[in-house]
Amino acid sequence: MIGLKVFRGFKVRLRPTKQQERQMVNTVKACIWAWNWARYININQIDCAKERLSGYKIREKFSELRNKEGKFQWLTQQHIPIKAINETFNIFDRAYRKGCYHIAKNKDGAPIKMANGKTWYVLHSHPKRKDINLNVPRYGYPEGSDRVYFKDNKHVCLSKLPNMKYSWTYDDVLPIGRDTAKLIKNPHVIFDHGFWYLCFAMEVEIEPIPLNNFKVGVDVGLKQLAVISYDTSTKYKTFDNVNKSARIKRRERRKKHLQRKLSRAKLKNGKRKDYETGGMRKKRHSINKIEKKLTNIRDDHIHKVTREIVDLRPKEIILENLKIKNMLKNKHLAPAIQAVKWWFFRYCLTYKAQALGIIVTLTDTFFPSSKMCCCCDHVNRSLKLSDRMFECPL
């Protein structure tokens, strides 16, 4: 049987030396500067000539600027990969084309057509300015180049950064050799809470597996993460909410304590400081480490639960189509809903099921799954949110 080919995302932990990490930080700063510079010259070009610059023209102007002698010589002296800068310009061009134009309409609200019959688009905004303190530090490389490849089982080669160590503990085999560089799609480097990662996509082949002849219904909640019913509704299983565990509550208390200490440290004579001290940076770093640990615990629990559901090998999985944005308007339940990560649960369950050929169906938003009896399908219309169980009158 021919296997199914799908694109799978990979996230590899990088272990750079101090010199390599310094060079990666300089690359991140250069890419953020290049984004803001491209935004600046585009706004000036639109104001003067009523026409924006394409990604190719931006790269031409940057090459002229880079070759000039003066204050921009740091672009060549700090060994910054030009491929990363060019990829930043490509992403900037796509941001303009996809997010900053909308369809021009007349007074009646109908789209305006040009002489050739195509729809007329008008510019309504510009890409946002980037800041290294607000945006996630990251930079990418263009696809199809040989700038990113795995040298062996311990070293990866990036542009201007050869022989960087990495760690990979999963069963999936990474492509080794420079000839396999074209298999790596959309490579980019991310700095996340003190750790560097190489993220990319790669096409893999999944062997088809036989599925069981039953469906699985999934009902998510706050008291339990999920309750599933399967095998003609005669079997069910509950999965606990990890946010009610002791290890989560202990770290939440610690994070709240450090946040209060940081808030008090910012005050001086009853006023906010306009600078950050070394102690304040240490407290902020400790808070970031706790937040990263909390995120890892929650994501790990969701991955394990969704894998256990998919390993039942049903022919179909039925989920609720919840309007989470509307549910967050309840200020009493919003923190608990954000912590339980329903959307991430649905995302993980969907892509794992589709990779095995399992159908994923979303029910109507107002389907009474919690008010319906699992045996006779009787709906209890008078059920309240405070009622945890009810006996079917039929």
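See above for the structure.
Only a predicted model underlies this, so the values are computations on that prediction, with no experimental measurement involved. (Residues numbered from 1 in each chain as written. Predicted model: local features only at pLDDT ≥ 70, side-chain atom pairs only at ≥ 80, totals over all residues. Heavy atoms only, no water.)

Q: Got a minute to help me understand the sheet that holds strand β1 (residues 4-15) in this structure?
A: Working definition: the strands of a sheet are paired by backbone hydrogen bonds and lie parallel or antiparallel to each other. In space, the seven strands of this open sheet follow the order β4-β8-β9-β1-β7-β6-β5, with antiparallel pairing throughout. In this open sheet, the two edge strands, each paired with only one partner strand, are β4 (138-140) and β5 (149-150). Across six bridges, the pairing between strand β8 (residues 185-192) and strand β9 (residues 195-206) is antiparallel. Pairing of Lys185 across the sheet is with Ala201, part of β9. (Pairing = 2+ DSSP bridges. Helix = DSSP H or I, 4+ residues; strand = E, 2+ residues; numbered from the N terminus.)

Q: Just checking my understanding: could you explain the pattern of salt bridges for this structure?
A: When the charged atoms of two side chains lie near each other, side chains of opposite charge can form a pair. Applying the stated criterion to the full structure yields 12 salt bridges. Across the pair Lys292 and Asp192 runs a salt bridge whose closest N-O atoms are separated by 2.8 Å. Taken as a pair, Lys292 in helix α6 (residues 278-310) and Asp192 in strand β8 lie far apart in primary sequence, 100 residues in all. Connected through shared salt-bridge partners, Arg52, Asp93 and Arg97 make up one network. (Salt bridge = Lys/Arg side-chain N within 4 Å of Asp/Glu carboxyl O.)

Q: For this particular structure, what's the right way to read the pairing of strand β10 (residues 215-220)?
A: A regular strand carries its side chains on alternate faces of the sheet. Residues Val216, Val218 and Val220 of β10 are buried on one face, while the alternating residues Lys215, Gly217 and Asp219, pointing to the opposite face, are not. The pairing of β10 with strand β15 (residues 316-320) spans three bridges and is classified as parallel. Of the residues in β15, the one forming a bridge with Gly217 is Ile318. Hairpin geometry of β10 and strand β11 (residues 224-230) is characterised by an intervening segment of three residues between the two adjacent antiparallel strands. (Buried < 20%, exposed > 50% of the residue type's maximum accessible area, 1.4 Å probe, protein only.)

Q: Would you mind showing me how to read the packing of aromatic side chains here?
A: Two descriptors summarise a pair of aromatic rings, namely the distance from one centre to the other and the angle between the planes of the rings. Counted according to the given criterion, the structure contains 16 aromatic pairs. Plain terms: the ring middles of Phe92 and Tyr96 are 5.2 Å apart, the flat faces sit at 85 degrees to each other, and that makes the pair edge-to-face. One end of the pair, Phe92, and the other, Tyr96, are both in helix α4 (residues 82-99), four residues apart, so they sit about a helical turn from each other. Grouping residues by exposure puts Phe92 and Tyr96 together as buried. Measuring from centroid to centroid gives 5.1 Å for Phe150 and Tyr166, while their planes differ by 65 degrees, and the two rings are edge-to-face. With Phe150 in strand β5 and Tyr166 in strand β7 (residues 161-167), the pair connects residues that are 16 residues apart, well separated along the chain. (Phe/Tyr/Trp six-rings, centres within 6.5 Å; stacked < 30°, edge-to-face > 60°.)

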